Amino acid sequence: MRLELASVAPLELKPDPWQRLLAIGSILSVIVLGVGLFITNAANRHQQEATRRQQDLAAAGQIADRFAQAIDQLGQAGADKIDVRLGALYSLERIMRDSAIDQPAVVEVVAAFIRVHAPASAANPIAPTASPQNFRVPTTSVDIQAALTVLGRRNRDHDYLPHGLNLAGTNLGGANLADSQLDGANLDNADLRGAFMSKTQLKGAFMGGANLYGSTVSVANLSKAFLVGADLRYAKMHATDLTWADLRGADLRGADMLGAALAMADLTGADLRGAVNLTKDGVRCAKVDDLTRLPDGITRPAPLNDLELEFCRFS
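Residues numbered from 1 in each chain as written. Predicted model: local features only at pLDDT ≥ 70, side-chain atom pairs only at ≥ 80, totals over all residues. Heavy atoms only, no water.

1. So, the nonpolar core
So, point 1. Counting 69 residues, the largest nonpolar core has I114, M207, M237, L247 and M257 as its most contacted members.
So, point 2. Within the residue set of this core, elements represented by two or more residues are α1 (17–74), α2 (82–98), α3 (103–117) and α4 (142–152).
So, point 3. Look past the residues within four positions of I114 in its chain and what remains in contact with it is P119, I144, A147, L148, L151, L167, T170 and L172. (Core = buried A, V, L, I, M, F, W, Y, C linked by side-chain atoms within 4.5 Å. Buried < 20%, exposed > 50% of the residue type's maximum accessible area, 1.4 Å probe, protein only. Helix = DSSP H or I, 4+ residues; strand = E, 2+ residues; numbered from the N terminus. Contact = heavy atoms within 4.5 Å.)

What follows is the structure, given as structure tokens:
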């Protein structure tokens, strides 16, 4: 006996139009929600940007007001206004720190203050035969010293000075410039007698004709500095970097050159008579000529051959 299964008609599922409408409605609501969020975020960003611009404008206005007030205070002359001028200088320093874009203007103003109020004078020249025992270290006024301190500890990355820091022809005798950032500064004909310049950065500085009699420039960086005709008599130059420095016609009589680096320095026409702690090896890699005057006991180095010259360049 065979059992035969009756054929069953295929089950036909018809979509529910209400479910389809619900699905479409859900998709549309998600799209609307996304568009709404996008529009809201865009509006928020626009509002935030507008608020930021307003804050920047307000900050710039405050800095401009502070700058104008500091300039007014810095211009107040007289011994009884020294505190006002000091406040102005430190206010300008704060502006440099708060606004890098304003640093060049601040540097120019402070440097001009020094040039105007501390010009070098030819009234007190040092005689060619002057003895260090009779030398009295000059004093620097409190506000000029404060101005130098402000300039010396600035962030040089924000300078953007087309002509560099200009302190040419200034009277900085006895000033404390230790650890100051003065690379590339113009100090031509500046009076730096007795100045304390330990660890001062003066790479590439212009110091032609500058008077550094009795100054302390130990462990300072004077690499590639322009010191033509400078007076360095009795200067303390322990471990000073003078590599590639231009010392043509400079007066270094009695200078203490202990550990000073003179590789590739130009000493043509320089006078080093009486310089102490200077060895023949110390001037071996320097450029000298028949007019270079060396301390007793140090023979004039012979011109370097190409191999020796290359060694000196990279030593």
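2. Focus: the confidence of the model for the chain
So, point 1. A residue-level look at the chain finds 85% of positions with pLDDT of 70 or above and a mean pLDDT of 86.
So, point 2. The element-level mean pLDDT for the chain is lowest in α1, coming to 73, with α4 highest at 97. (pLDDT = per-residue confidence, 0-100.)

3. Looking at unusual backbone geometry
So, point 1. A positive phi angle, near 50 degrees, is found at Y160, a position not held by glycine.
So, point 2. The phi dihedral of K224 falls on the positive side, at around 65 degrees, and the residue is not glycine.
So, point 3. Mapped onto the secondary structure, K224 falls in the loop between α4 and α5 (280–284).
So, point 4. On the basis of relative accessibility, which here comes to 51%, the residue K224 falls in the exposed class.

4. Here's the deal with the packing of α2 against α4
For any two helices packed against each other, the geometry is given by the interaxial angle and the distance between the axes.
So, point 1. Closest axis-to-axis distance for the α2/α4 pair is 9 Å, and the angle between their directions is 5 degrees. Classified by the angle between their axes, α2 and α4 sit roughly parallel to one another. Taking contact as the criterion, the partners of I82, R85, L86, L89, Y90, E93 and M96 in α2 are, on α4, V142, D143, A146, A147 and V150.
So, point 2. Looking at the contact of α2 with α4, its residues break down into 9 nonpolar, no polar and 3 charged. (Axes fitted to C-alpha atoms, helices over the stretch in contact; angles between N-to-C directions. Parallel < 35°, antiparallel > 145°, perpendicular 65-115°, else oblique. Nonpolar A, V, L, I, M, F, W, Y, C, P; charged D, E, K, R; others polar.)

5. What about the pattern of salt bridges?
Side-chain pairs of opposite charge can arise whenever the charged atoms involved come near each other.
So, point 1. Applying the stated criterion across every chain, the model contains 13 salt bridges.
So, point 2. Its salt-bridge partner being R66, residue D98 comes within 3.2 Å of it at the nearest N-O pair. One end of the pair, D98, is in helix α2; the other, R66, is in helix α1, and 32 residues separate them in sequence.
So, point 3. Overall, D98 belongs to the partly exposed group, its relative accessible area being 40%.
So, point 4. Where R253 meets D271, a salt bridge forms, and the shortest distance between an N and an O atom there is 3.8 Å. Of this pair, R253 sits in the loop between α4 and α5 while D271 sits in the loop between α4 and α5, and the two are 18 residues apart along the sequence.
So, point 5. Taken together, the salt bridges that share partners define one network made up of D231, R233, D251, R253, D271 and R273. (Salt bridge = Lys/Arg side-chain N within 4 Å of Asp/Glu carboxyl O.)

6. Some points on the packing of aromatic side chains
So, point 1. Counting across every chain of the model gives 2 aromatic pairs.
So, point 2. Relative to Y234, the ring of Y213 has its centre 5.6 Å away and its plane inclined at 65 degrees; by these criteria the two rings are edge-to-face. Here the residue Y213 occupies a position in the loop between α4 and α5, and Y234 occupies one in the loop between α4 and α5, the gap between them amounting to 21 residues.
So, point 3. Judged by relative accessible area, which is 30%, Y234 ranks as partly exposed.
So, point 4. Following the ring pairs from residue to residue traces out a cluster consisting of F135, Y213 and Y234. (Phe/Tyr/Trp six-rings, centres within 6.5 Å; stacked < 30°, edge-to-face > 60°.)

7. A look at the packing of α2 against α3
So, point 1. Relative orientation of the contacting elements α2 and α3 amounts to 155 degrees, with a least axis distance of 9 Å. What the angle tells us is that α2 and α3 run roughly antiparallel. The crossing of α2 and α3 is left-handed. When α2 is examined against α3, the residues R85, L89, L92, I95 and M96 are found in contact with a partner set consisting of Q103, V106, V107, V109, V110 and F113.
So, point 2. Split into classes, the residues belonging to the contact of α2 with α3 amount to 9 nonpolar, 1 polar and 1 charged. (Left-handed = near helix turned anticlockwise from the far one by under 90°.)

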